[in-house]
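Coordinate analysis (summary)
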Amino acid sequence: DTILTVQRKWMYLESIFMASEDIKKAMPDETKLFVEVNDKFKFIMTRINKDPNAQRACKEDGMLDDVITMDEKLEKIQKSLDDYLETKRMLFPRFYFVSDDDLLEILGQSRDPVAVQKHIKKCFEGFAKMIIVPVGKAGNRVVQCAGMISGDGEQCTFVENVDLEGAVESWLATLEQAMIMGVSKHLQGSLHGYKGKKEKWIKEWHGQLLITTGAINWTMDCTKALQAITGGNKNAMRQLKKKQIGYISRCTDFVRGNLTKLERNKTVALITMEIHNRDVMERMVKSNCSNVQDFDWLSQLRFQYNKDEGKFGTCVVKQTNCILEYSYEYQGNNGRLVVTPLTDRCVLTLLTAMFLNRGGNPLGPAGTGKTETVKDLGKNLAKYVVVSNCSDGMD
């Protein structure tokens, strides 16, 4: 039994210490200890292989002591390895959601950013590949990253290129900051572009930002309409709804045109969200909503852009008396959910929980969209959503 336990631990650690030079350099004492165990283990296995008789092999002098000592040494190495991984995770917290095996592979290939590329999507939401700038292409001394590419090929550039050198966890943390800066700069550009032709705006900007820009402008328009109603213009919301219906029909005409797959995905997601905005207006008209303090308006997800704050302005999301910052996590174009009244109630509850630093728990039968609703809320707030399976079979 002890030999089998040692063999299992040896197989796992051998693939780490014998394959990766970076791990050897980072953990010299443990590598030395493992080499000792490795030589001893191979010697014992060779002896057993020559005489494959379990009874005789187990009765060899000092066999049990040797195996127990090896087990203790391997246990010590494993503990040191776990501590080493923990220090890396503390430097780049998203590593907490990456398995040990994947993390060791990432750390072992830190000198080769192209090899780390395949693991990028495990650390970011809509970021599938890096736009890599090879050495010397733009007068750069080291390999750089100029931006990100989503799973469906949408490209989003950074404000400044990121040097991909040194420890992998430090340049990944820089990459995260570059993503936030890049998305916030593009949001500023998208808000300027919104004032021009809508067809050009849809083609030029990223799907995520089209929806956010639309939400910011819709919030502004509705607030103005409600203030107009308070001032005596009873038809302000009806007129705005008419304008919204016209905008949606322009978008539906546009989606029927000759578009690329990427442009069509962007437009479909935009129409989905704009239809929800139209439904909200309809509800406010029916309930005679006449003030910005009415609950029918306060209970909606309201996006506000403050152009004077931060380098590229900041966006906040409000609902009832909760205020949350927009997180600028690049989402790519992975579609949006149709918003039903139940979705609205779930979002209201979960957002309030987040604002109060509490947890939320959607409850219901399997396959009804609990996970998807939470993921869609993540897209609304541009947050990184981690889905982990906590079924009985998971250890």
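Preceding this section is the structure that the text describes.
The model shown is predicted, which means the values in this text are computed figures rather than measured ones.

**Some remarks on the packing of helix 11 (residues 236-255) against helix 12 (residues 261-286)**
Taken N-terminus to C-terminus, the directions of helix 11 and helix 12 make an angle of 160°; their axes are 10 Å apart at the nearest point. Considering their axes alone, helix 11 and helix 12 lie roughly antiparallel with respect to each other. The crossing of helix 11 and helix 12 is left-handed. For the contact of helix 11 with helix 12, the residue count by class is 15 nonpolar, four polar and six charged.

**A few points about the sheet that holds strand 5 (residues 314-319)**
Where strands meet in a sheet, backbone hydrogen bonds hold them as pairs that are either parallel or antiparallel. One open sheet accounts for three strands, arranged 4-5-6; its pairing is antiparallel. A strand with exactly one partner marks an edge of an open sheet, and here the two such strands are strand 4 (302-306) and strand 6 (322-325). Averaged over all pairs of adjacent strands, the angle between strand axes in this sheet comes to 30°, irrespective of strand direction. Inspection of the sheet shows strand 4 paired to strand 5 by five bridges, in the antiparallel sense. Its bridge partner being in strand 5, glutamine 304 is matched across the sheet by valine 316. Sitting on the sheet, helix 14 (residues 341-355) is in contact with strand 5 and strand 6, with an inclination near 75° to strand 6.

**Remarks on the packing of helix 8 (residues 168-193) against helix 10 (residues 207-230)**
Relative orientation of the contacting elements helix 8 and helix 10 amounts to 55°, with a least axis distance of 9 Å. Compared by their axis directions, helix 8 and helix 10 come out oblique. In this structure, helix 8 crosses over helix 10, and the sense of that crossing is right-handed. For the pair helix 8 and helix 10, contact is made by Val183, His186, Leu187, Ser190 and Leu191 and by Gln208, Leu209, Thr212, Thr213, Ile216 and Asn217, respectively.

**Topic: the nonpolar core**
Formed by 66 residues in total, the largest nonpolar core has its most connected members in Phe158, Leu172 and Leu175. Here leucine 172 is in contact with Phe92, Phe95, Ile120 and Phe124, once residues within four sequence places are set aside. Among the nonpolar cores identified, the runner-up in size contains 17 residues, and Tyr247, Ile248, Ile271 and Val339 belong to it.

**Brief notes about helix 6 (residues 100-108)**
Asp102, Leu103, Leu104, Ile106 and Leu107 are the residues of helix 6 that are buried. Looking at the buried side of helix 6, the elements it contacts are helix 1 (2-17), helix 2 (21-26), helix 5 (63-91), helix 7 (113-116) and helix 8.

**Some words on the side chain of aspartate 102**
Relative to the helices and strands, aspartate 102 is located in helix 6. In this structure the side chain of aspartate 102 is engaged in a polar contact, spanning 3.2 Å, whose partner is the side chain of lysine 122. Here aspartate 102 is in contact with His119 and Lys122, once residues within four sequence places are set aside.

**Some thoughts on the state of the cysteines**
A full pass over the atoms with the stated rule returns zero disulfides. Cysteine 123 forms no disulfide, and the closest cysteine sulfur to it belongs to cysteine 145, at a distance of 13 Å. Free of any disulfide, cysteine 346 has its nearest cysteine sulfur in cysteine 322, 15 Å distant.

**Considerations on the packing of aromatic side chains**
This structure, assessed with the given rule, holds ten aromatic pairs. Between phenylalanine 17 and phenylalanine 34 the ring centres are 5.5 Å apart and the planes differ by 20°, which places this aromatic pair in the stacked class. You can see phenylalanine 17 sitting in helix 1 and its partner phenylalanine 34 sitting in helix 3 (residues 28-50), a full 17 residues away along the chain. The exposure class of phenylalanine 17 is buried, given its relative accessible area of 0%. Their ring planes at 40° and their centres at 4.9 Å tell us that phenylalanine 124 and phenylalanine 127 sit as a pair that is tilted. Members of the aromatic cluster, connected to one another through ring pairs, are Phe92, Phe95, Phe124 and Phe127.

Rules used in this analysis
- Residues numbered from 1 in each chain as written.
- Predicted model: local features only at pLDDT ≥ 70, side-chain atom pairs only at ≥ 80, totals over all residues.
- Heavy atoms only, no water.
- Axes fitted to C-alpha atoms, helices over the stretch in contact; angles between N-to-C directions.
- Helix = DSSP H or I, 4+ residues; strand = E, 2+ residues; numbered from the N terminus.
- Parallel < 35°, antiparallel > 145°, perpendicular 65-115°, else oblique.
- Left-handed = near helix turned anticlockwise from the far one by under 90°.
- Nonpolar A, V, L, I, M, F, W, Y, C, P; charged D, E, K, R; others polar.
- Pairing = 2+ DSSP bridges.
- Contact = heavy atoms within 4.5 Å.
- Core = buried A, V, L, I, M, F, W, Y, C linked by side-chain atoms within 4.5 Å.
- Buried < 20%, exposed > 50% of the residue type's maximum accessible area, 1.4 Å probe, protein only.
- Polar contact = N/O pair within 3.5 Å; in protein donor to acceptor, adjacent residues only side chain to side chain.
- Disulfide = S-S within 2.5 Å.
- Phe/Tyr/Trp six-rings, centres within 6.5 Å; stacked < 30°, edge-to-face > 60°.

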